[in-house]
Amino acid sequence: PPRCLMFVIADNQALTSKGFEQMLSGLEVRHAANRRELAALLSAHPTAGVILDYGLFDFEGLPGLMVTIRRFASAHWLMVAAEFNHDLLQLLSSEARVSFLTKDSGADQLHSAIEALKRGERTICQAVAEQLTGHTPQAPDRLTPAETEV
């Protein structure tokens, strides 16, 4: 059985929120539209798995996020963002209950991250792992030679 028995989707984009809800079908899922709702749900379900789009949520910067993560010490967090800034990664990379997934991650990484969250395990997508280690792969040119010339 999954270690996290209830999941909170804290993502205010309807499309991604519904997508996460589909991936968690058959499990108890709640939605939080703001910090107050998130805190209430985590108070009632302290071991929940949280899928959080930090960039679109009403935290008062990184300190507010850290207070919430530390306040709910039994919850597991999957941070989702288009990209993660250096300060956020430095603060959260040592938190064993915090996982990272970029929005451009492939389907395999997305499924792996959700399965790890269900088990209460940590996962870090490839892009964030490379950012944390300082390795950034050379992106392939997506433009044709004629486009590059222009």
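For every chain, the first residue of the written sequence is number 1, and numbering continues from 1 onward in sequence order. Per-residue local features of the predicted model are confined to residues with pLDDT of at least 70, and side-chain atom pairs are confined, for both listing and counting, to 80 or more; whole-chain, interface and lining totals are unaffected and use all residues. By convention in this description, side-chain values take in all heavy atoms of the structure and omit both hydrogens and water.

(A) Looking closely at the overall build of the chain. Labels follow the DSSP assignment, with helices taken as runs of H or I lasting at least four residues and strands as runs of E lasting at least two, numbered in each case from the N terminus. A count of helices and strands for the chain gives seven helices and five strands. Along the chain, helices (α) and strands (β) appear in the sequence β-α-β-α-β-α-β-α-β-α-α-α when read from the amino end. Any pair of residues with heavy atoms lying within 4.5 Å of one another is described as a contacting pair. At a minimum sequence separation of 6, the contacts of the chain that also span at least 24 residues come to 58%. When the accessible area of the chain is evaluated, it comes to approximately 8600 Å², of which 53% is carbon and sulfur surface. Shrake-Rupley sampling with a 1.4 Å probe provides the accessible areas, and residues are treated as covered by the protein chains on show and by no other component.

(B) Geometry of the sheet that holds strand β2 (residues 28-31). Whether two strands pair depends on DSSP finding at least two bridges between them. The sheet built from five strands is open, its strands ordered β2-β1-β3-β4-β5 with parallel pairing. The sheet is open, and its two borders are formed by β2 and β5 (98-102), each paired with just one other strand. Ignoring strand direction, the axes of neighbouring strands in this sheet form an average angle of 20°. Bridge count between strand β1 (residues 6-10) and strand β3 (residues 49-52): four bridges; the pairing is parallel. Between N-to-C directions, angles cover 0 to 180 degrees, with each direction set by a line fitted to C-alpha atoms, over the stretch in contact for helices.

(C) Focus on the pattern of salt bridges. Any Lys or Arg side-chain nitrogen found within 4 Å of a carboxyl oxygen on Asp or Glu counts as a salt bridge. Taken as a whole and judged by the stated rule, the model has seven salt bridges. Between Arg30 and Glu28 there is a salt bridge; the shortest N-O distance is 2.7 Å. Here Arg30 falls in the partly exposed class, since its relative accessible area comes to 34%. For Glu28, a relative accessible area of 34% corresponds to the partly exposed category. With a shortest N-O distance of 2.6 Å, Asp53 and Lys103 are connected by a salt bridge. Of this pair, Asp53 sits in the loop between β3 and α3 (61-71) while Lys103 sits in the loop between β5 and α5 (107-119), and the two are 50 residues apart along the sequence. Its relative accessible area of 36% is what places Lys103 among the partly exposed residues. Burial classes: relative accessible area under 20% of the type maximum marks a residue as buried, over 50% as exposed, and values in between as partly exposed (1.4 Å probe, protein chains only).

(D) Spatial organisation of the nonpolar core. Nonpolar core, defined: a set of buried Ala, Val, Leu, Ile, Met, Phe, Trp, Tyr and Cys residues in which side-chain atoms within 4.5 Å join the residues together. Membership of the largest hydrophobic core comes to 43 residues, with the highest contact counts inside it found for Leu38, Leu52, Leu65, Trp77, Met79, Leu92 and Phe100. Elements with a contribution of two residues or more to this core: β1, α2 (35-44), β3, α3, β4 (76-81), α4 (86-92), β5 and α5. The residues contacting Phe100, other than those within four sequence positions of it, are Leu78, Met79, Phe84, Leu88, Leu89, Leu92, Ser93, Arg122, Thr123, Ile124, Cys125 and Val128.

(E) Expanded view of the pairing of β3. The two faces of β3 match: Gly49 and Ile51 on one face and Val50 and Leu52 on the other face are all buried. Relative to β4, β3 is paired through four bridges, and the arrangement is parallel. Following the sheet pairing, Leu52 is matched in β4 by Met79. Looking down the strands as they point away from you, a crossover is right-handed if its path from the first strand over the helix to the second goes clockwise. As for the winding sense of the linkage, the β-α-β connection from β3 through α3 to β4 is right-handed.

(F) Representation of the packing of aromatic side chains within the structure. Here a pair means two rings of Phe, Tyr or Trp (six-membered ring of Trp) with centres within 6.5 Å. Their orientation is stacked below 30 degrees between planes, edge-to-face above 60, and tilted elsewhere. The tally for this structure, following the rule as stated, stands at three aromatic pairs. With a centroid separation of 5.7 Å and 40° between ring planes, the pair formed by Phe57 and Phe59 is classed as tilted. Here Phe57 matches Phe59 in class, with each residue buried. The interplanar angle of 85° and the centroid separation of 5.3 Å between the aromatic rings of Phe84 and Phe100 together place this pair among those described as edge-to-face. Pair noted here: Phe84 is in the loop between β4 and α4 and Phe100 is in strand β5, with a separation of 16 residues, a long-range link. Through successive ring pairs, a cluster of aromatic residues spans Tyr54, Phe57 and Phe59.

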